[in-house]
Amino acid sequence: MGLLDTILGRSKPVRPDLDELFAIPSAALTLQAGAGFTPTGLGSVCFAGVEGGAFARLQQDVRELLDADTGRGGLPVEFSQDAYGYTWLLSRRPADDTATLVNDLHAVNTLLQDGGFGPHLLCSLVGFRDERNRPLAIVYLYKRGTFYPFAPLPGGGERRDNQLELQIRAALGDDLRMEKDLARWFPVWGAPGL
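Residues numbered from 1 in each chain as written. Predicted model: local features only at pLDDT ≥ 70, side-chain atom pairs only at ≥ 80, totals over all residues. Heavy atoms only, no water.

Undergrad: Describe the nonpolar core, with residues and values.
TA: Leu 31, Ile 138, Ile 168 and Leu 176 are the most contacted members of the largest nonpolar core, which totals 36 residues. If you list the elements that add at least two residues to this core, you get α2 (24-35), β1 (38-48), α3 (53-66), α4 (98-117), β4 (121-129), β5 (135-141) and α5 (162-172). In terms of residue count, the dominant contributor to this core is α4 (6 residues). Ranked by size, the runner-up nonpolar core spans 12 residues in total, among them Leu 125, Ala 137, Val 139 and Tyr 148. (Core = buried A, V, L, I, M, F, W, Y, C linked by side-chain atoms within 4.5 Å. Buried < 20%, exposed > 50% of the residue type's maximum accessible area, 1.4 Å probe, protein only. Helix = DSSP H or I, 4+ residues; strand = E, 2+ residues; numbered from the N terminus.)

Undergrad: I'd like a description of the pattern of salt bridges, backed by residues and values.
TA: Here the structure, examined in full by the defined rule, presents 8 salt bridges. A salt bridge links Arg 160 to Glu 165; the shortest N-O distance between them is 3.0 Å. If you follow the salt bridges from partner to partner, you end up with Asp 130, Arg 134 and Asp 161 in one network. (Salt bridge = Lys/Arg side-chain N within 4 Å of Asp/Glu carboxyl O.)

Undergrad: How would you summarise unusual backbone geometry if you had to cite specific residues and measurements?
TA: The phi torsion at Asn 133 lies on the positive side, around 65 degrees, for a residue other than glycine. Tracing the chain through its elements places Asn 133 in the loop between β4 and β5.

Undergrad: Go over the sheet that holds strand β2 (residues 78-81) with me, naming the residues and quoting the values.
TA: Across the sheet, 6 strands lie side by side as β2-β3-β1-β4-β5-β6; this open sheet has antiparallel pairing. Both edges of this open sheet fall to β2 and β6 (146-150), since each of them pairs with a single strand only. Direction aside, neighbouring strands of the sheet carry axes that sit 25 degrees apart on average. Two elements, β2 and strand β3 (residues 86-92), share 4 bridges in a ladder whose sense is antiparallel. Paired with Gln 81 across the two strands is Thr 87, which belongs to β3. Running at roughly 140 degrees to β6, α5 makes contact with β5 and β6 of the sheet. (Pairing = 2+ DSSP bridges. Axes fitted to C-alpha atoms, helices over the stretch in contact; angles between N-to-C directions. Contact = heavy atoms within 4.5 Å.)

Undergrad: Summarise the environment of Asn 103; cite the residues concerned and give the values.
TA: If you trace the backbone, Asn 103 turns up in helix α4. Linking Asn 103 and Phe 22, residues 81 residues apart in sequence, is a C-alpha distance of 7.7 Å.

Undergrad: Now, about the packing of α2 against α5: what can you tell me, with residues and values included?
TA: Between α2 and α5, the least distance of the axes is 10 Å, while the angle of their chain directions is 120 degrees. One way to sum up the angle between α2 and α5 is to call them oblique. The two elements α2 and α5 cross, and the hand of that crossing is right-handed. Only Gln 167, Ile 168, Ala 171 and Leu 172 of α5 make contact with α2, whose side of the interface consists of Ala 27, Thr 30, Leu 31 and Ala 35. (Parallel < 35°, antiparallel > 145°, perpendicular 65-115°, else oblique. Left-handed = near helix turned anticlockwise from the far one by under 90°.)

And the structure:
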């Protein structure tokens, strides 16, 4: 960073550290013990779609990698598009196997990044529920290298449980690098895996 950047208040963006995702299984234990939320076994990766053969081949490579165990009872990954045109990949694993789910998400992020599509990655999330069936997602912001909780209120509509989100942030502060800027806690309404 140069002198002009310092004077103008510019800063270099945080380089994403995809290995941060591997902290989620221990954070899941903290969530279960401290807030009663357990993993659902669902996780997803969101990215901006790209036209072209190279991206289509990469998407097929991701599908083949993650669907390798479907012959042994594993569930195939699902691709979908949201109302904003973003592509979501949904991975399903047993609820007690958060480590394998995180490996799936990490593999997708890594393949996209290594294939030159890192700038198109938006976020990854892992779903949780509590005994009252309240949904919660721990969201990893690819471009920021940070996490935040997203807790939509059950019953439809686009409303959030901000108090729960702040409670979860406090509970996970020692486990995950939490996003400090609350304005960057983007809602992921209707995200697969939530």
